[in-house]
Amino acid sequence: AKGLGYAVSTTEELEFIRQFALDTGIVLDPVYSGKALYNFYNLVKENPDKYRNQKILFWHTGGSLGLYEQEEKLMERFESTSSSSVQ
C-alpha cells in the first residue's frame with residue numbers, strides 16, 4: 001500500500017502514534033518511525049502466524065524533528081485523551 005506521501009499522515013497513523021505513546025511511553029515521529037511501526041503492526045495483525053515465535057527488531061531511529069510537522073494534529077489527539085483513560 002502506498003501512503004499519502006512524505007510527512008503526510010493518515011488519521012489512523014496519528015491515532016496509532018498517540019495510542020502507542022500512551023501505552024508504552026515511547027513517542028514515535030509521524031514521518032518515519034511512526035509510519036514504519038504502524039505498517040509493520042498491521043502486517044503482523046494480517047498474518048500473525050508468519051511472525052509467531054520469531055525474533056523481531058524494530059529500530060526506533062529518533063526522528064523527533066518530524067513531530068513538528070504534525071504538531072497540531074497530534075496535540076488535538078492528545079488533548080482529547082482524558083487522564084482517566086491512561087492506565
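> An account of the overall build of the protein is needed here, citing residue identities and associated values.
For the protein, the helix and strand inventory stands at five helices and zero strands. Starting at the N terminus, the α and β elements of the protein follow one another as α-α-α-α-α. The buried share of the protein, reckoned over its 87 residues, is 26%. Considering only contacts within the protein whose residues lie at least 6 apart along the sequence, 64% involve residues at least 24 apart.

> Can you explain helix α2 (residues 33–46)? Please cite residues and give values.
Turn by turn, an α-helix covers 3.6 residues, leaving residues three or four places apart pointing in a common direction. Taking 1.5 Å of rise per residue, the 14 residues of α2 would be expected to cover 20 Å, and the 20 Å separating its terminal C-alpha atoms lies within 8% of that figure. Among all positions of α2, only Ser33, Gly34, Lys35, Leu37, Tyr38 and Asn42 are buried. On its buried face, α2 is in contact with α1 (11–24).

> Just give me the short version of the packing of aromatic side chains, but keep the residues and values in it.
A full pass over the atoms with the stated rule returns four aromatic pairs. Ring geometry for Phe16 and Phe20: centres 5.9 Å apart, planes at 25°, overall stacked. With Phe16 and Phe20 both in helix α1, this residue pair falls four residues apart, about one helical turn. Taken together, the aromatic side chains of Phe16, Phe20, Tyr38 and Tyr41 make up a single cluster linked through ring pairs.

> I'd like to hear about the environment of Phe40, residue by residue, with values.
Here Phe40 lies in helix α2. Under the relative-accessibility criterion, Phe40 is labelled partly exposed at 24%. The spacing of Phe40 and Phe58 is 18 residues in sequence and 9.3 Å in space, taken between C-alpha atoms. Sequence-distant contacts of Phe40, defined by excluding residues within four places in its chain, comprise Tyr51 and Ile56.

Calculation rules
Residues numbered from 1 in each chain as written. Predicted model: local features only at pLDDT ≥ 70, side-chain atom pairs only at ≥ 80, totals over all residues. Heavy atoms only, no water. Helix = DSSP H or I, 4+ residues; strand = E, 2+ residues; numbered from the N terminus. Buried < 20%, exposed > 50% of the residue type's maximum accessible area, 1.4 Å probe, protein only. Contact = heavy atoms within 4.5 Å. Expected span 1.5 Å × (residues − 1). Phe/Tyr/Trp six-rings, centres within 6.5 Å; stacked < 30°, edge-to-face > 60°.

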